[in-house]
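Residue strings, one per chain:
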Amino acid sequence: MDAVIEVKIMTTEYKNKKTLVPNKYDMPVQEPVQRIKNFQEVALGYDEETAAAEAARCLQCKQAPCCRGCPVEVDIPAFIKLAARKDFAGAIKKIKEKNALPAVCGRVCPQENQCEKFCTLGKKHNPVAIGRIERFCADRELHNGAVPQEVAAATGKKVAVVGSGPAGLTCAADLAKLGHKATVFEALHVAGGVLMYGIPEFRLPKAVVQEEVENLKKLGIDIRVNAVVGKLATVDELMEKDGFDAVFIGTGAGLPYFMKIPGENACGVYSANEFLTRTNLMKAYLFPGYDTPIRVGRKVAVLGGGNVAMDSARTALRLGAEESWIVYRRSRVELPARHEEIEHAEEEGVKFRFLTSPTRILYNDDYWVTGMECLRYELGEADDSGRRRPVPIKGSEFVIDVDTVVVAIGQGPNPLVPRTTNGLECSKKGNIIADPETGATSKPGVFAGGDVVSGAATVILAMGAGRKAANSIHAYLSGQTTTNS
Amino acid sequence: MYRINRKEVLAPSVNLFEIKAPAVAEKARPGQFVILRVDSEGERIPLTIADFDREKGAITCVFQEVGKTTRVLGALNEGDSVKDFVGPLGEPSRIEYYGHIVCVGGGVGVAPVYPIARALKEAGNKVTGIIGARTGELVFWEDKMRAACSELRVTTDDGSYAGKGFVTDVLTEVIKESNDIVLCIAIGPLPMMRAVCNLTREYGLKTVVSLNSIMVDGTGMCGSCRVTVGGETKFACVDGPEFDGHQVDFAEMARRALIYKPQEKLSLERYLNESEHQCGCSHRGENNDNRVQK
Ligand SMILES: Cc1cc2nc3c(=O)[nH]c(=O)nc-3n(C[C@H](O)[C@H](O)[C@H](O)COP(=O)(O)OP(=O)(O)OC[C@H]3O[C@@H](n4cnc5c(N)ncnc54)[C@H](O)[C@@H]3O)c2cc1C
Ligand SMILES: Cc1cc2nc3c(=O)[nH]c(=O)nc-3n(C[C@H](O)[C@H](O)[C@H](O)COP(=O)(O)OP(=O)(O)OC[C@H]3O[C@@H](n4cnc5c(N)ncnc54)[C@H](O)[C@@H]3O)c2cc1C
Ligand code: SF4
Ligand code: FES
């Protein structure tokens with residue numbers, strides 16, 4: 001819970017490099033009263049001095065425990081050392097050896113559960129703000145023009161990458177660096193996956209994502225948008241007809257789950273995917289300048305407690321809702337969202353109803369939502385995930401007065417690609433089964449990674465899976481191993 | 001960018017576009033649809049594939065100008081392009097031998113019914129076609145439909161062309177005349193499909209409809225398009241768009257179609273004001289013929 005407290009700590013004066021600075025330097029932010037009226041980024045980013053000063057807090061531990069927490073094994077002390085010397089170009093080069101999308105990760109990684117969780121300084125004080133330094137280095141590069149990256153001589157091998165989320169983009173970037181021709185197929189009209197359609201502008205500006213994508217294109221990656229694999233060519237056809245030597249599937253977890261309660265199709269009930277897609281991808285917050293509409297009432301209830309739920313609740317406020325509630329089955333400590341997002345949501349006035357779950361959605365004659373009937377829960381025994389299981393309290397039904405409901409209880413994999421690919425094994429839930437080390441699937445030459453394999457997880461895990469798959473595709477194409485080994 | 005190779009005005013405010021999209025054309029099958037976006041501020045709108053030409057690499061869509069996006073689209077000409085064009089989406093129609101089939105197209109619904117009727121006839125079925133329009137000048141593709149069907153009947157609501165009456169009136173006739181009809185396919189405005197289903201239910205005649213719920217991505221990612229069919233929630237874009245009409249909750253669909261009515265109105269008014277200022281264009285107010293249910 002360190003990170004929750006950390007945000008509140010006052011700015012510490014710059015200290016001499018030798019003395020230990022116990023707290024992170026504050027992240028400048030847009031004030032809550034102001035920011036709930038716009039979609040601009042909340043966290044404004046360090047300036048050069050602060051980034052260098054924060055970097056100077058690092059102890060340069062020999063064991064570098066922080067690296068253990070990084071799913072893509074960025075050499076953290078090395079880049080921080082460069083940043084402390086204000087060699088930001090060197091720092092970003094170091095980061096990019098392992099992380100293809102640092103401007104994204106610096107903003108959205110749950111650092112408190114990853115690198116910063118293991119930071120030596122974090123034992124007694126605040127950990128080094130690794131993510132914020134990473135973000136500064138990446139933004140500076142986007143601002144000053146990309147440091148060119150080395151690409152190996154062309155191998156003549158072609159790889160199809162299905163889906164342009166963090167998994168697909170990372171895989172394509174790594175393949176390109178290894179000299180293979182990567183072609184990315186994306187169903188939507190822009191590349192980026194959840195980074196474009198899900199995570200809101202105020203957390204991850206879409207221009208930043210597109211700049212990162214443009215940088216990747218410089219590696220020679222071909223990105224084809226408006227291309228739904230399985231409807232256009234299938235995976236089998238890509239390999240047999242279109243001459244791709246291997247395929248990586250990174251189609252994510254884009255299928256929204258609903259509660260399956262009465263009234264869920266009433267007008268005013270959105271899946272979080274729809275709510276966020278209309279707002280982010282289609283820019284409904286700029287309606288009528290942009291053509292796609294969205295309707296948000298006065299009182300919004302968001303079901304769920306993850307990042308998706310926080311994003312929806314905060315988006316609702318920015319779209320003009322007077323009240324925005326998070327309705328969550330478990331209690332506060334179980335909220336799976338990034339700590340910073342929970343903090344920001346609270347500062348902005350998002351309200352929470354814990355240990356509550358809806359039983360039906362009420363609507364009027366015009367089929368518009370008028371309220372939501374809920375049950376209260378209490379915490380029982382621990383379940384498989386080690387969290388205490390919420391149990392409903394009999395007869396505790398009550399009605400919440402809301403006119404908009406956003407369902408953010410999770411997403412599953414889209415069945416299209418698995419269904420149209422011969423010989424691809426999937427789990428009961430529909431996730432593609434792939435070797436966690438290599439990404440190899442049951443089908444020779446076909447690899448998979450990211451949310452479509454793991455279920456909804458994180459950007460960095462998707463990137464890590466994309467990277468591992470790129471390496472094993474490289475090995476496969478070089479004839480060193482076969483997929484079925 | 002996807003180029004408009006050919007434009008044809010089929011009826012007042014009903015346009016045909018033939019759009020170059022070779023990859024889509026190669027895979028397109030009757031019953032499927034595309035989603036297009038005119039420009040980078042535009043909305044994603046679904047249009048049914050009315051025809052496809054694999055050799056030319058082109059997809060034909062027929063659309064009615066009802067709101068802002070379809071009007072912006074209608075103002076484009078041959079040689080212009082649309083920014084995004086994705087497809088083929090949805091499940092194709094089930095084309096097989098059934099026997100005697102009735103294909104009903106109401107309003108612009110004639111266009112999506114056409115390739116289905118053609119394919120069904122090619123599959124050996126006897127196809128009776130029925131096309132209906134509000135008034136004579138809105139009838140289009142009569143020749144194409146006649147060629148695609150074994151027999152065609154045309155009707156107009158006001159009797160200004162061919163017979164007078166609704167498609168349901170003609171359908172009743174057809175059902176009464178022949179006792180061998182095994183399937184009805186009906187595509188058109190929601191109230192028309194609903195009326196057809198109410199009629200065919202009485203005769204126990206299985207009826208397939210193509211649902212046009214409001215969509216965003218068209219790939220099963222958002223759930224905007226959800227419809228209730230046989231008591232279950234389905235995503236029209238991936239589970240459909242064709243469903244067993246007797247199972248569809250049309251009342252729900254009709255209400256969900258109105259979700260964005262105020263915004264649609266605002267958007268259209270704003271567009272009409274702007275286009276009036278800029279070009280004094282004749283578009284204004286000319287089309288109140290909105291067969292899509294109000
Ligand atoms: C609202 C929201 C907030 C989140 N916040 C965070 C956060 O703060 N931190 C964090 O680490 N993680 C966060 N996540 C999770 C993170 O975004 C995902 O784990 C990550 O994006 C998964 O990456 P991916 O590449 O596997 O898939 P995705 O990002 O889902 O990308 C998959 C892509 O494949 C495309 N596709 C699907 N099917 C096809 C097909 N048949 N043909 C072609 N293309 C196809 C999709 O259109 C999509 O673009 C959030 C998720 C959401 C929804
Ligand atoms: C699978 C499918 C196939 C379709 N095929 C055709 C076709 O071949 N020819 C044709 O003329 N029309 C077709 N439509 C309807 C067409 O998409 C709408 O007329 C169009 O989106 C209206 O946009 P607008 O901005 O001009 O009008 P608006 O003023 O925005 O809307 C008018 C009405 O159209 C419907 N609509 C609005 N936005 C959408 C959307 N994003 N998705 C679906 N419906 C919407 C609403 O019910 C609304 O009341 C189809 C719809 C679907 C779902
Ligand atoms: S653990 Fe913390 S202090 Fe040690 S090297 Fe890593 S970032 Fe620096
Ligand atoms: S349009 Fe988004 S799921 Fe059907």
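Residues numbered from 1 in each chain as written. Chains lettered and ligands numbered in written order. Predicted model: local features only at pLDDT ≥ 70, side-chain atom pairs only at ≥ 80, totals over all residues. Heavy atoms only, no water.

**Brief notes about the overall build of chain A**
Looking only at helices and strands, chain A has 19 helices and 16 strands in total. Taking 2.2 N^0.38 as the reference for a compact globule, 485 residues should give roughly 23 Å; the C-alpha atoms of chain A span a radius of gyration of 23 Å, in line with that estimate. Considered along the principal axes of its C-alpha atoms, chain A spans approximately 65 × 65 × 50 Å. The buried share among the 485 residues of chain A stands at 59%. Entry remark: accessible area of chain A is about 19600 Å², with carbon and sulfur atoms responsible for 52%. (Helix = DSSP H or I, 4+ residues; strand = E, 2+ residues; numbered from the N terminus. Rg over C-alpha atoms; globule rule 2.2 N^0.38 Å. Buried < 20%, exposed > 50% of the residue type's maximum accessible area, 1.4 Å probe, protein only. Areas by Shrake-Rupley, 256 points an atom, 1.4 Å probe, with all protein chains shown as cover.)

**Let's talk about the interface of chain B and chain A**
If you look at the interface, chain B gives 48 residues, while chain A gives 42 residues. A buried area of about 3700 Å², summed over both sides, lies between chain B and chain A, and 53% of it is on carbon and sulfur atoms. On the chain B side of the interface with chain A, the three residues burying the most area are Met221, Arg226 and Tyr260 of chain B, jointly 18% of the side's total. Here chain B and chain A share four salt bridges between them. Here Glu26 of chain B makes a salt bridge to Lys241 of chain A, at a shortest N to O gap of 3.4 Å. Our enumeration of links across chain B and chain A arrives at 27 residue pairs in polar contact (both at pLDDT 80 or more). For the side of chain B that touches chain A, the elements supplying multiple residues, two or more each, are α1 (22-27), α2 (68-74), β8 (84-89), β15 (226-229), β16 (232-235), α8 (250-256) and α9 (261-279) of chain B. Here the element with the most residues in the side of chain B that touches chain A is β8 of chain B; it accounts for six residues. A per-class count over the side of chain B that touches chain A returns 18 nonpolar, 14 polar and 16 charged. (Contact = heavy atoms within 4.5 Å. Buried area = accessible area lost by both parts, 1.4 Å probe. Salt bridge = Lys/Arg side-chain N within 4 Å of Asp/Glu carboxyl O. Polar contact = N/O pair within 3.5 Å; in protein donor to acceptor, adjacent residues only side chain to side chain. Nonpolar A, V, L, I, M, F, W, Y, C, P; charged D, E, K, R; others polar.)

**A short note on empty space enclosed by the protein**
Evaluation of the coordinates by the stated rule reveals eight cavities of 30 Å³ or more. A volume near 150 Å³ is recorded for the largest cavity. Lining the largest cavity we find 18 residues, and of these Ile214, Ser224, Arg256, Ala257 and Ile259 of chain B sit closest to its centre. Every element with two or more residues in the lining of the largest cavity is listed here: β6 (269-271) of chain A together with β15 and α8 of chain B. Among the residues forming the lining of the largest cavity, the class breakdown is 10 nonpolar, four polar and four charged. Elements represented by at least two residues in the lining of the second largest cavity include exactly α5 (76-84) and α9 (130-144) of chain A. Examining the composition of the lining of the second largest cavity, we find that three residues originate from one element, α9 of chain A, more than from any other. (1 Å grid on protein atoms, 1.4 Å probe; cavity = no way out; pocket = protein on both sides within 12 Å on 5 of 7 lines; lining within 4 Å. Points joined across faces, edges and corners; volume = space filled by probe spheres on them.)

**Some points on α5 of chain A**
Residues and elements named next belong to chain A. Every buried residue of α5 is listed here: Ile76, Pro77, Phe79, Ile80, Leu82 and Ala83. Residues of α5 that are buried make contact with α3 (48-56), α4 (65-68), α6 (88-96), α8 (115-118) and α9. Of the residues trailing α5, Lys86 is marked for its positive phi of about 65 degrees.

**Some words on the site of ligand 1**
All names here are of chain A. Val108, Ala167, Glu186, Arg203 and Asp451 are the nearest of the 36 residues found near ligand 1. For ligand 1, an oxygen atom lies 3.2 Å from a polar atom in the backbone of Ala457. At 3.3 Å, a backbone N or O of Thr458 approaches an oxygen atom of ligand 1. Summarising the interface, the protein chains cover 95% of the accessible area of ligand 1, which totals 1000 Å² for the free molecule. Of all elements in the fold, only α10 (166-177), α15 (307-318), α17 (416-420) and α19 (459-477) reach the threshold of two or more residues within the shell around ligand 1. A per-class count over the shell around ligand 1 returns 20 nonpolar, 11 polar and five charged. (Near = heavy atom within 4 Å.)

**Regarding the nonpolar core**
In this structure, Ile76, Phe79, Ile80 and Ile473 of chain A are the most contacted members of the largest nonpolar core, which totals 85 residues. Sorting elements by how many residues they give to this core places α19 of chain A first, with eight residues. Those residues in contact with Phe79 of chain A that lie beyond four places of it in its chain are Val74, Ala91, Lys94, Ile95, Ile130, Ile133 and Glu134 of chain A. With 83 residues, the next largest nonpolar core counts Ile294, Ile361 and Leu416 of chain A together with Ala254 of chain B among its residues. (Core = buried A, V, L, I, M, F, W, Y, C linked by side-chain atoms within 4.5 Å.)

**Considering the packing of aromatic side chains**
Across all of its chains, the model carries 13 aromatic pairs over all chains by this definition. Measuring from ring centre to ring centre gives 5.5 Å for Phe352 of chain A and Phe354 of chain A, while their planes differ by 15 degrees; the resulting arrangement is stacked. For Phe352 of chain A, a relative accessible area of 16% corresponds to the buried category. Exposure remark for Phe354 of chain A: the relative accessible area of 23% places this residue in the partly exposed category. An angle of 70 degrees between the planes, with centres 6.0 Å apart, marks the rings of Phe140 of chain B and Trp141 of chain B as edge-to-face. One exposure class covers both Phe140 of chain B and Trp141 of chain B, and it is buried. Aromatic ring contacts, followed pair by pair, group Phe39, Phe202 and Tyr285 of chain A into a single cluster. It is Lys158 of chain A that lies over the ring of Phe244 of chain A; its NZ or CZ is 4.6 Å from the centre. A cation over an aromatic ring shows up here: Arg353 of chain A above the ring of Trp325 of chain A, its NZ or CZ 4.6 Å from the ring centre. (Phe/Tyr/Trp six-rings, centres within 6.5 Å; stacked < 30°, edge-to-face > 60°. Lys NZ or Arg CZ within 6 Å of the ring centre and 35° of its normal.)

**Quick look at the sheet that holds strand β3 (residues 222-224) of chain A**
Residues and elements named next belong to chain A. As summarised here, the arrangement of the five strands in space is β3-β2-β1-β4-β16, forming an open sheet in which the pairing is parallel. Across the chains shown, the open sheet's two edge strands, defined by having one partner strand only, are β3 and β16 (446-448). Strand-to-strand, the axes of this sheet are offset by a mean angle of 20 degrees, without reference to chain direction. In the sheet, strand β4 (residues 246-249) pairs with β16 via three bridges, with the strands oriented parallel. For Val247, the partnering residue across the bridge sits in β16 and is Val446. (Pairing = 2+ DSSP bridges. Axes fitted to C-alpha atoms, helices over the stretch in contact; angles between N-to-C directions.)

**A few points about the pattern of salt bridges**
With the rule as written, the count across this model stands at 46 salt bridges over all chains. Where Asp291 of chain A meets Lys68 of chain B, a salt bridge forms, and the shortest distance between an N and an O atom there is 2.8 Å. Of the two residues, Asp291 of chain A is situated in the loop between α14 (272-281) and β7 (299-303) and Lys68 of chain B in helix α2; the pairing between them involves two chains. The class for Lys68 of chain B is buried, based on a relative accessible area of 17%. Measuring nitrogen to oxygen at the nearest pair gives 3.3 Å for the salt bridge that ties Glu322 of chain A to Arg298 of chain A. Of the two residues, Glu322 of chain A sits in the loop between α15 and β8 (323-327) while Arg298 of chain A sits in the loop between α14 and β7, which places them 24 residues apart along the sequence. Overall, Glu322 of chain A belongs to the exposed group, its relative accessible area being 54%. One network of salt bridges, in which partners are shared, links Arg35, Arg203, Asp311, Arg314, Arg318, Arg338, Glu340, Glu341, Glu347 and Glu348 of chain A.

**Some points on the environment of Gly464 of chain A**
Note on placement: Gly464 of chain A falls in helix α19. Taking C-alpha positions, Gly464 of chain A is 9.1 Å from Lys98 of chain A, a pair spaced 366 residues apart along the chain.

**Comments concerning the confidence of the model for chain B**
Residues and elements named next belong to chain B. Here chain B averages 89 in pLDDT, and 94% of its residues register 70 or above. Long-range and interchain partners of residues 279-294, a stretch whose pLDDT sits below 50, account for 34 contacts in this model, where long-range means more than four residues apart. Across the predicted assembly, pTM comes out at 0.90 and ipTM at 0.89. (pLDDT = per-residue confidence, 0-100.)

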